[in-house]
Amino acid sequence: DSTKDNHQGFYDYLKGILPKEICDKIEWKTNDGGLIKAADIISLSLIPLSKLPRSVVDEEISLVKIYNSKQYCVEIFKKILEKQNNGKRKGQTYELMNSSIKSALNLVPQIVKLHDQIYKKFPDAYNAAGGKFGKIDGVRIYDKQHVSDKKYAQKPFHTKYYGWEANYQYADGFIIPLVVGLREIMVCDEQGNLGWRFDPEDFIQDNFSRIISMYSSIIKFANWDPQKIGKDKGSYEIVAGAISMAASSYTP
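Residues numbered from 1 in each chain as written. Predicted model: local features only at pLDDT ≥ 70, side-chain atom pairs only at ≥ 80, totals over all residues. Heavy atoms only, no water.

Draft legend 1. Focus on the overall build of the protein chain. On a plain count of helices and strands, the protein chain comes out with 13 helices and eleven strands. Its C-alpha atoms give the protein chain principal-axis dimensions of roughly 60 × 45 × 30 Å. Burial analysis of the protein chain (252 residues in total) assigns 50% to the buried set. Long-range pairs, those at least 24 residues apart, make up 66% of the contacts in the protein chain with a sequence separation of at least 6. (Helix = DSSP H or I, 4+ residues; strand = E, 2+ residues; numbered from the N terminus. Buried < 20%, exposed > 50% of the residue type's maximum accessible area, 1.4 Å probe, protein only. Contact = heavy atoms within 4.5 Å.)

Draft legend 2. Examining a nonpolar patch on the surface more closely. Taken together, the side chains of M214, I238 and M245 present a nonpolar region at the surface, about 230 Å² in accessible area. Topologically, M245 is positioned in helix α13 (residues 233-248). The partly exposed category is assigned to M245, whose relative accessible area is 42%. (Patch = residues over 30% accessible without salt bridge, like charges linked within 9 Å, V, L, I, M, F, W, Y side chains within 5 Å. Areas by Shrake-Rupley, 256 points an atom, 1.4 Å probe, with all protein chains shown as cover. Salt bridge = Lys/Arg side-chain N within 4 Å of Asp/Glu carboxyl O.)

Draft legend 3. Here's a closer look at helix α11 (residues 200-221). Its maximal kink placed at N207, α11 deviates by approximately 60 degrees. For α11, every residue scored as buried is listed here: P200, F203, I204, N207, F208, I211, I212, Y215, S216, I218 and I219. The positive-phi residue at the C-terminal boundary of α11 is N223, with phi of around 60 degrees. (Bend = angle between axes of the 7 residues up to and from the residue.)

Draft legend 4. Geometry of helix α4 (residues 38-49). The terminal C-alpha atoms of α4 lie 17 Å apart, and with twelve residues this matches the ideal 16 Å at 1.5 Å per residue to within 8%. Counting buried residues in α4 gives twelve out of twelve residues, a clear majority hidden from the surface. A38, A39, D40, I41, I42, S43, L44, S45, L46, I47, P48 and L49 are the residues of α4 that are buried. (Expected span 1.5 Å × (residues − 1).)

If you want it as structure tokens, here you go:
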């Protein structure tokens with residue numbers, strides 16, 4: 001479906017705003033050889049789209065599906081764009097017209113970047129909150145000292161989108177609730193256009209440890225299983241509450 005939607009122009013606006021280094025890595029067409037699946041980017045785009053009024057999106061977006069159903073994300077993205085007055089057909093392709101949707105999609109490049117920043121920060125923040133991230137099953141650690149132990153790697157790992165070096169490799173289920181939680185610091189203006197309440201990178205830098213100290217409880221409750229965490233509505237609610245609380249007293 002994502003290949004077909006791409007051919008019809010539903011992803012053209014995203015292609016135009018994503019950094020070239022990211023856009024060139026995306027497999028917009030099946031077997032195109034990209035390192036990133038188009039559906040992963042489309043899934044992240046539902047985070048800001050979920051903050052728009054129902055009159056614009058006309059859909060109740062399930063935030064949990066952003067993690068556990070890429071097919072749902074591809075389908076709901078197309079439905080939103082096809083809604084009357086949101087865009088128009090131009091020959092055989094689609095052209096996005098709605099300014100509110102454009103404003104939401106304009107946040108996607110920074111969400112992609114924040115995903116990778118959170119991925120790098122999370123293990124150390126979890127440890128600082130009293131956890132032992134390296135002890136979790138499925139987590140691998142970059143450490144040249146432990147040559148014979150499969151839990152350790154002699155080369156650094158890399159983040160999903162930008163390919164930054166990282167000291168840990170782990171499932172996305174641990175951090176997707178945190179990435180989705182960024183919607184709590186998005187706000188619509190009087191014209192219905194979406195933006196950030198304050199710089200999200202500064203906010204994460206200043207409040208991450210506080211957020212993780214609240215979030216770590218749900219990780220223990222889920223028995224350190226990233227699949228349970230990513231699929232559990234409670235994970236997203238805990239993070240949303242922690243971010244909202246931090247934002248309410250945050251002064252940039």
